[in-house]
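Letter by letter, the chains look like this.
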Amino acid sequence: MKQAALGGRNPVLYHQTVPSFSMPEWAAAAGYDGVILDLQHGELGLDAACGILRSIPRENAYAYTRVGSLDPAPILRLLDSGARGVVAPTVESRSGAEALVAATKYPPVGNRSLGPSRPALYPGDSYTGAGNRAVSAVAQIETRAGVDRAEEIVSTPGLDSVYIGPADLAVSYGLPGRGDWEDGPVREAIAYLREVTTAHGVTLGIYSGRPEYAAGLFADGLVDYTGLGIDLVLLNRAFGDTIAGLGPARSTRSTS
């Protein structure tokens, strides 16, 4: 989610929590730009996530992963399998952002090691330079402490983007754990993070459950991209709508 790569549009991704190779294809066919493979929540393990990354076309710049921690070992495997971005949860300090950059970037920016897991993954005169340009380091801010320290986090050299987790952020303010806030401290935090990220040339994204809410944020210029929906939530909605479409028909018996 580098500023220079947005190209005037607002990318839309979804969160995937189940080990499905088909889901990214269906999402892309529907018009999604990419996916955030979620290893923090859900059923996705490291091996499955690496396999899915290899199945996504190389030209897709939005094959992202969200990791459960800043442990560099799984981050390295995900990147070597083709991840174009790593979202690190609950970043609350400069040191957390620095650890993320160190794990995702080749020297001299970070400490990522070279591994021939996939051939010619980053074409260019300098493989490491091309890799650093291709991969985005994304710090997820989802607590009040993260918002309070936004300036030190966002100004970290090598950080490309901030991703807002609105539900956990709401909980940290003593509010119900949901997203799509129209007002209150979460909305104020979004506006503040927009100011800070703009000042440092860093992009800003957010998870949203409703397309109309995300559209409003885009229209107001508050975010650059969104993670719109979670696979299991979207499936649950489809299941509910489908079964509800039967109405009382399945319980109606002929009396003739």
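Look above for the structure.
This text gives an overview of the structure that appears in the document. (Residues numbered from 1 in each chain as written. Predicted model: local features only at pLDDT ≥ 70, side-chain atom pairs only at ≥ 80, totals over all residues. Heavy atoms only, no water.)

**A look at the side chain of Ser-208**
We apply this condition: Every helix listed is a DSSP run of H or I at least four residues long, and every strand listed is a run of E at least two residues long, numbered separately from the N terminus. Contacts are assigned to residue pairs that have any heavy atoms within 4.5 Å of one another.
Tracing the chain through its elements places Ser-208 in strand β7 (residues 203-208). Residues within four places of Ser-208 in sequence aside, it is in contact with Asp-180, Tyr-213, Ala-214, Thr-226, Gly-227, Leu-228 and Gly-229.

**Some remarks on the side chain of Arg-112**
We apply this condition: Any N or O atom pair separated by 3.5 Å or less is treated as a polar contact, with the protein-specific requirement of one donor-capable and one acceptor-capable atom, and with residues adjacent in sequence counted only for side-chain atom pairs.
Assignment of secondary structure puts Arg-112 in the loop between α4 (94-104) and α5 (127-134). Polar contacts involving the side chain of Arg-112 include one to the side chain of Asp-80, which spans 3.0 Å. Residues within four places of Arg-112 in sequence aside, it is in contact with Leu-76, Leu-79, Asp-80, Ala-102, Ala-103, Thr-104, Lys-105, Tyr-106, Pro-107, Tyr-122 and Val-135.

**A look at the pairing of strand β6 (residues 161-164)**
Formally: Buried residues are those whose accessible area, probed at 1.4 Å on protein chains only, stays under 20% of the maximum for their type, while exposed residues exceed 50% and partly exposed ones sit between those limits. The rule for pairing is simple: two strands pair if DSSP sees at least two bridges between them.
Side chains of β6 alternate between two faces, with Ser-161 and Tyr-163 and Val-162 and Ile-164 buried alike. Of the strand pairs in this sheet, strand β5 (residues 136-141) and β6 are connected by four bridges, and their pairing is parallel. Residue Val-138 lies in a different strand from β6, and its bridge partner there is Ser-161.

**Quick look at the environment of Ala-167**
Positionally, Ala-167 belongs in helix α8 (residues 166-172). Take Ala-167: its relative accessible area is 29%, and that puts it in the partly exposed class. Once residues lying within four places of it in the same chain are set aside, the contact partners of Ala-167 are Gly-177, Arg-178 and Gly-179.

**Some thoughts on α4**
For clarity, the threshold we go by: Here the arc refers to the directions that run from the helix axis out to each C-beta atom.
All of the buried residues along α4 are Gly-96, Ala-97, Leu-100, Val-101, Ala-103 and Thr-104. Projection of α4 onto a plane perpendicular to its axis shows the buried side chains occupying an angular sector of 165 degrees, all on one side. Packed against the buried residues of α4 are α3 (72-80), β4 (85-88), β5 and α7 (150-154).

**Structural notes on unusual backbone geometry**
Trans peptide bonds make up the majority, and among non-glycine residues the majority have a negative phi. Along the chain, Pro-107 connects to Pro-108 via a cis peptide bond; the corresponding omega equals 10 degrees. Tracing the backbone through its elements, the reader meets Pro-108 in the loop between α4 and α5. Even without being a glycine, Ala-120 presents a positive backbone phi close to 50 degrees. Along the chain, Ala-120 turns up in the loop between α4 and α5. The backbone of Asp-180 shows a phi angle near 60 degrees, a positive value even though the residue is not glycine. In this fold, Asp-180 is placed in the loop between α8 and α9 (184-199). Residue Asp-180 is classed as buried on the basis of its relative accessible area, which comes to 10%.

**Considerations on the sheet that holds β7**
Note: strands within a sheet are paired through backbone hydrogen bonds, in either parallel or antiparallel orientation. The condition that has to hold: As a rule, the C-alpha atoms of each element are fitted with a line to give its axis, helices using only the stretch in contact, and angles between N-to-C directions run from 0 to 180 degrees.
With parallel pairing, the eight strands of this closed barrel are ordered in space as β1-β2-β3-β4-β5-β6-β7-β8. Going from strand to strand, the sheet's axes swing by 25 degrees on average, the running direction of each strand aside. Here four bridges tie β7 to strand β8 (residues 225-230), and the two strands are oriented parallel to one another. Residue pairing for β8: Ile-206 is matched across the bridge by Thr-226. Lying over the sheet, helix α10 (residues 211-219) contacts β1 (12-16), β7 and β8, oriented at roughly 175 degrees with respect to β8.

By themselves, these observations are geometric and do not establish any function.
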